[in-house]
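# Structure at a glance
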Amino acid sequence: MAGRFITFEGLDGSGKSTQLERVAQRLEARGVSHVVTREPGGTPFADLLRELFLRREAAQVDGVVELMLVFASRRQHLIEVIEPALASGAVVLCDRFTDSTYAYQGGGRGVQPELIAKADRLATGCRAPDCTLFFDLPPEEAQRRRRRHGTDRIDRESLSFYRRVHAAFRERIAGEPDRFRLIDASAPIETVAETVEEALSDLLAQLQPDRSAGA
Ligand code: TMP
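We now turn to the structure provided with this report. Computed from a prediction, not measured in an experiment: that's the story for all the values here.

## A few points about the environment of Cys-131
Looking at where Cys-131 falls in the secondary structure, it is placed in strand β4 (residues 131-136). Its relative accessible area of 0% is what places Cys-131 among the buried residues. In sequence terms Cys-131 and Arg-179 are 48 residues apart; their C-alpha atoms lie 5.0 Å from each other.

As structure tokens, then:
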């Protein structure tokens, strides 16, 4: 059986990466074969692109250049990691995917959605996840959290940039309500974990432990 492609999306500071780790731990405990990965990045070459993308020296980079960088990373990641893992029946837990491009390059930088869709066709054939968890947090609260932890180029963007990013995410959700699960990320961490478990229960209930594991 083909695996499941699950993505985790939200503003920087929304806590999605912590929750992704928790889902991975639960799959591990149940013996379900899975892969944890992230974007931009996920392969040695894509990680190099990520490093370039997040460097402070890239501050003047144009939105379309950002678009090309993230899709270059994504295509390599898809070919080298995501598709083979899904074909082997594994669950792929991916921290960000194309929804982030619509939110950050589209909403944040003002790149036209039609251009993003064209790049997506070229790079991935418009590959969509089976399910996307969106960790919803008001941009003001996300900014407070980033002040404590954030360090990269995008973490330093303005509140108005993050308001546009948030609005673009909400537009994606409105356009594809069946794919998204909305998670209230302002709740305490344990409550968020319970909401995530509940949100994935249908999808994960169908999965069998990997009987070849440890063989
Ligand atoms: P991360 O901090 O969640 O790993 O993500 C890295 C940064 O890259 C984050 O600020 C969002 C940004 N990003 C984009 O701007 N476009 C994209 O397509 C992706 C995947 C991430």
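Now, onward.
## With respect to the site of the ligand
Near the ligand, the surroundings consist of 15 residues, among which Lys-16, Arg-50, Arg-96, Thr-101 and Gln-105 are the closest. For the shell around the ligand, the secondary-structure elements that each account for two or more residues are α2 (44-54), α3 (63-87) and α4 (98-108). The greatest single-element share of the shell around the ligand, amounting to four residues, is contributed by α4. Class assignment for the residues of the shell around the ligand results in six nonpolar, three polar and six charged.

## Let's talk about the sheet that holds β4
Reading across from one edge, β2-β3-β1-β4-β5 is the order of the five strands in this open sheet, with parallel pairing throughout. Only two strands of the sheet have a single partner each, and these edge strands are β2 (34-38) and β5 (180-184). For this sheet, the mean inter-axis angle between neighbouring strands, taken without regard to orientation, is 20°. One ladder, built from five bridges, connects β2 with strand β3 (residues 91-95); its direction is parallel. The residue of β3 that forms the bridge with Val-36 is Leu-93. Relative to the sheet, helix α8 (residues 189-205) contacts β1 (4-10), β4 and β5, its axis offset from that of β4 by approximately 165°.

## Thoughts on a nonpolar patch on the surface
A cluster of nonpolar residues, Val-64, Val-65, Met-68 and Leu-115, forms a patch on the protein surface that exposes about 310 Å² of accessible area. The leading source of residues in the nonpolar patch is α3, at three residues. Mapped onto the elements, Val-65 comes out in helix α3. For Val-65, a relative accessible area of 35% puts it in the partly exposed group.

## Describing helix α6 (residues 139-149)
Taken as a whole, α6 has its buried residues at Pro-139, Ala-142, Gln-143, Arg-145 and Arg-146. Down the axis, α6 shows its buried residues gathered within 165° of arc, on one side only. Facing away from the buried surface of α6 by more than 90 degrees, the exposed residues are Arg-147 and Arg-148. Lining the buried residues of α6 we find α7 (159-175).

About the criteria used
- Residues take numbers from 1 onward in each chain, read along the sequence in its written order.
- This being a predicted model, a pLDDT of at least 70 is required before a residue's local features are given, and a value of 80 or more before pairs of side-chain atoms are given or counted; all residues contribute to the totals for chains, interfaces and linings.
- Only hydrogens and water are set aside when side-chain values are computed; all heavy atoms of the structure are taken into account.
- Strands are runs of DSSP state E lasting at least 2 residues, helices are runs of H or I lasting at least 4, and numbering of each runs from the N terminus.
- Relative accessibility under 20% of the residue-type maximum defines a buried residue, over 50% an exposed one, and the middle range a partly exposed one, all with a 1.4 Å probe and only protein chains included.
- Any residue with a heavy atom lying within 4 Å of a molecule or strand is counted as near it.
- Following the grouping adopted for this structure description, the nonpolar residues are Ala, Val, Leu, Ile, Met, Phe, Trp, Tyr, Cys and Pro, the charged ones are Asp, Glu, Lys and Arg, and the polar ones are all others, Gly among them.
- If DSSP finds at least two bridges between two strands, the strands pair.
- Convention adopted: a line fitted to C-alpha atoms gives each axis, helices being fitted over their contacting stretch, and angles between N-to-C directions are expressed from 0 to 180 degrees.
- Residue contacts are counted whenever heavy atoms from the two residues lie within 4.5 Å of one another.
- Patch criteria: residues need more than 30% relative accessible area and no salt bridge. Like-charged residues are merged within 9 Å; nonpolar side chains of Val, Leu, Ile, Met, Phe, Trp and Tyr are merged within 5 Å.
- For every accessible area listed, the method is Shrake-Rupley and the probe measures 1.4 Å; residues are considered covered only by the protein chains on display.
- We define a salt bridge as a contact between a side-chain nitrogen of Lys or Arg and a carboxyl oxygen of Asp or Glu at a distance within 4 Å.
- Directions drawn from the helix axis to the C-beta atoms are what define this arc.

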